[in-house]
Structure formats: C-alpha cells, structure tokens
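# Structural characterization, general
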Amino acid sequence: MKKKIGTSEVYMRKCKLTFAALICIFALISVSAAVSEKGLWVASIEKNGDSVVFANHSDSQENGGWIYLTGGKEIQLPQPLSFSYSGTNCVEKAGVVVKINKDKNEELNIAYPYSTHPFYTEKQTVKMDYNGPSAFKKQAVNIYLVKGLGVSSMKQALVDAKCKSLGEIFKEGVNYNKTCATLDKCGDLPKPLTFDSLEPGSYGIIITLADNKESNVTKVLSATCFEVVDYEMKTKAANNIKEGDNLDVEMSLKNAPADGEFTYGALLISEEAYKAEVKVDSNGTINGTDVSVNDFDLRDLGINSTNYKSKLSKSEFTNAVQTLIGEGNGTISIGDKNQDTLSLTTFDLQPGKYFLFTGAYEPGKGLAGIDQQELTIGKEKTKTSP
C-alpha cells in the first residue's frame, strides 16, 4: 500500500502539478508515436473559447518534429528521459480541458531523443533547427521566441483560471519576436535560425502553423524552453578519485560582482542511476492520480503542505534530491552564502563513471550559472601481505 502523507491540500497541489505536467509535456516534447495523416494531432487544450492542438511526434531526430538547440554549454540529460501516461483521455480543471487522442485503456509513452540540452550566457548565440514530418511539407509557419516563457509560466498561463485566454502565451506574449518561414519538402526548416545577445532569463520557442482559418485555434507543431544564465560557471574538481575518497569541488562565476550573494551546490550521480522515467496514472481525480519517478512515489518525499507555500529549505531540498537519486547512487551538497568550495562524501559510492553537476543560485533572480563534467571513481587497491 502506498503511503499517503499530508493534508488534502497536498493532493490538490499535486493534482495541479500533475495537470500542469501533462500540459507541459505535450507542449514541450509531445508524444512518441507514429505520425500519420489520421493521427497528426495528439492532444488539445481548451480554455475560454480558445483551443490549442499539439502535433504528434515520433522518436526520430531526423523527422520526428523536434526543436534542436545548439550553441551553448551542453548539459547531459538523464538517459532515458521518458514519460508514460495511462488513464483518462480527458482532464478538466478550473475551466481548462485537456483532451488526449488515445483510447481509454491505451498507455502513452514519450522518449525524448536528445541526450543533452544547452544552457546559454548572454554572449552566446542560440541556434535552433526543426526537423518535422513530411506531412507538414511546404507549410507556412510562425516561430515565436518568447521572453519569460518557462515551465512555470506555461503552467500559470494554462492552469490559472485568472488568465483570460490561451493567446496570452501562444499569440500575444508580452515580450516576443516572431519569424515567418516555410517548411521544405521534408517538413524541415530550410536553414537554422539564430538568436543573438539574449538577455539572461527564461525563453520559450513555439512553432505554429501560420495558415489557420480558425482564428480561435492555434496549431502547435513543436515547442521547447531554454535558459540564458548571467554568468559562465567554472568548476575545478578531480576527474579521477579512489573509492572512499572525498571529492573537493571549487566553483566560480566569471565576471560576477565581488559583493554578490550566491548559493553554490554540487551533485554527484552515477551514470547508471542518472535516468528519469516518469509515470503518471490518473482517472482525472485528485485521489486517483499517482505520480512516480524511477518507480519512486513522489508522495514519499516527506514534503508537507506548508512547503508548497514557500521555498524549500536547504536541508529539505537536499533530502528530497538525495531520496530521489537513492542512497549509494550519488550525493549532493549545498553551501552557505557565497561558499564556493564544497566537499562531497563518497564513502558509500561504488566504483564507476559519474556526472558532476554544479550550479549557483542568486536569491530573487534564480539560476546564475551551471556546469557539468564527468569523473571516475576507481577501485581501491587491495593491500597485499608482505
């Protein structure tokens, strides 16, 4: 029996997060399935008389309908990065209706095909490409670069009943650039688009069909989000350590102000454990929704309802991450204010390949810098008797 914790507010917020997760998944990476004329559209969201429909995707990098970003610092993604959904094909909340193009008993499976995702600094050029199915060949499209469009703002715009229409993010973004293009005979962008000198912050890219006779319907071919951080992060750490040795990590933010206030963190995780298999099972109700990551029920993290109203403390966040990655699979450390040197305890970690992720957070602004490198923990040599 699964452990249930907290109050009904926990389940209400969990349901909202699950609902938002479904929306964001369809909006940002969509569903892995064979593309056909009959099944071009996999899901729709209806709100206040407006509708947004999302194109189906395949797991192909060449013609699956994905936006591919390059030009920044490549950060390794979990492998596999997958999502499965089973349950109702219609979810309704606060005037928002999500319809999923599947049979009631069918399970949807998503597998993101790229192994890395770039983060950028202000001086780096963002380059994007789109490789779609031939079903959209020669179609005119609009490409929106929206400032401030991240997963949280996507959730707020789509789930929050106070928002007037879906057009607030898909048509009438507060700060966006629009590019018109025509896909080639393969359904791809003829050439990559570039965006230069973007200010730090969250950005979203949305590709929609331009030729749309129904003004209240937006047809989204693909979408993704990325971050432009304030500073380039440098990490100094050994790339080989012996089993049982601590890992000393030194971090710095290039050109950061001397009087700045930053919180530095380091996460070490084994290559085998670095995966994200998200499963959602829902009948459309609060109590009938289960969410797990790598078969771990998110309700077992021990986060109570008051934590959702304010930011998690350092210890709560550390414990939650450690629980998710599992004992013996990695370790995490978060420093005090401006503590840029940390020591990771590795006594319970097995020999093998590991990823070291480092980041800096600036209060009131968010992520200030990020870095990632690989290292190996080698077996301790067995002492021989003289």
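Keep in mind that what you see is a predicted model, and the values were worked out from it rather than measured. (Residues numbered from 1 in each chain as written. Predicted model: local features only at pLDDT ≥ 70, side-chain atom pairs only at ≥ 80, totals over all residues. Heavy atoms only, no water.)

This part covers the overall build of the chain. The number of helices and strands found in the chain is four helices and 26 strands. Evaluated residue by residue, the chain yields a buried proportion of 47% over its 386 residues. When the accessible surface of the chain is split by element, carbon and sulfur atoms take 48% of a total near 19,600 Å². (Helix = DSSP H or I, 4+ residues; strand = E, 2+ residues; numbered from the N terminus. Buried < 20%, exposed > 50% of the residue type's maximum accessible area, 1.4 Å probe, protein only. Areas by Shrake-Rupley, 256 points an atom, 1.4 Å probe, with all protein chains shown as cover.)

This part covers the environment of Glu 62. For Glu 62, the location among the structural elements is in the loop between β2 (50-55) and β3 (66-70). When residues no more than four places from it in sequence are discounted, the contact partners of Glu 62 are Asn 131 and Asp 188. (Contact = heavy atoms within 4.5 Å.)

To continue, consider the sheet that holds strand β10 (residues 126-131). Reading across from one edge, β3-β10-β13 is the order of the three strands in this open sheet, with antiparallel pairing throughout. Two strands in the sheet have a free side with no partner beyond their single neighbour: β3 and β13 (193-195). Recorded for the sheet is a direction-independent mean angle of 25° between the axes of neighbouring strands. As paired elements, β10 and β13 share three bridges and run antiparallel to each other. Bridging from a neighbouring strand, Lys 127 pairs with Thr 194 of β13. (Pairing = 2+ DSSP bridges. Axes fitted to C-alpha atoms, helices over the stretch in contact; angles between N-to-C directions.)

Before going further, it helps to spend a moment on the packing of aromatic side chains. Taken as a whole, this structure holds eleven aromatic pairs when the rule is applied. Linked through ring pairs, Trp 66, Tyr 68, Tyr 112 and Tyr 114 together constitute an aromatic cluster. (Phe/Tyr/Trp six-rings, centres within 6.5 Å; stacked < 30°, edge-to-face > 60°.)

Counting residues in hydrophobic clusters, the biggest one holds 25 residues, and the most contacted among them are Met 128, Tyr 130, Ile 143, Ile 205, Leu 221 and Phe 226. Of all the secondary-structure elements, those providing two or more residues to this core are β3, β10, β11 (140-147), β13, β14 (201-209) and β15 (217-229). With four residues, β14 is the largest single contributor of residues to this core. Ignoring sequence-local partners within four residues, the contact set of Ile 143 consists of Met 128, Asn 177, Lys 178, Thr 179, Ala 181, Leu 189, Leu 193, Ile 205, Ile 206 and Ile 207. (Core = buried A, V, L, I, M, F, W, Y, C linked by side-chain atoms within 4.5 Å.)

Regular strands place side chains that alternate from one sheet face to the opposite one. Where strand β6 (residues 90-93) and strand β7 (residues 96-100) come together, four bridges link them in antiparallel fashion. Counterpart to Val 91 in the pairing with β7 is Val 98. What sits between β6 and β7 in their antiparallel hairpin is a turn of two residues, with Ala 94 showing a positive phi close to 50°.

As a further point, take helix α4 (residues 314-325). Here α4 spans 17 Å end to end across twelve residues, near enough to the 16 Å set by a 1.5 Å rise per residue. All of the buried residues along α4 are Thr 318, Ala 320, Val 321, Gln 322 and Ile 325. Contact partners of the buried residues in α4: β19 (263-270) and β23 (330-337). The first or second residue beyond α4 is Gly 326, which carries a positive phi of 90°. (Expected span 1.5 Å × (residues − 1).)

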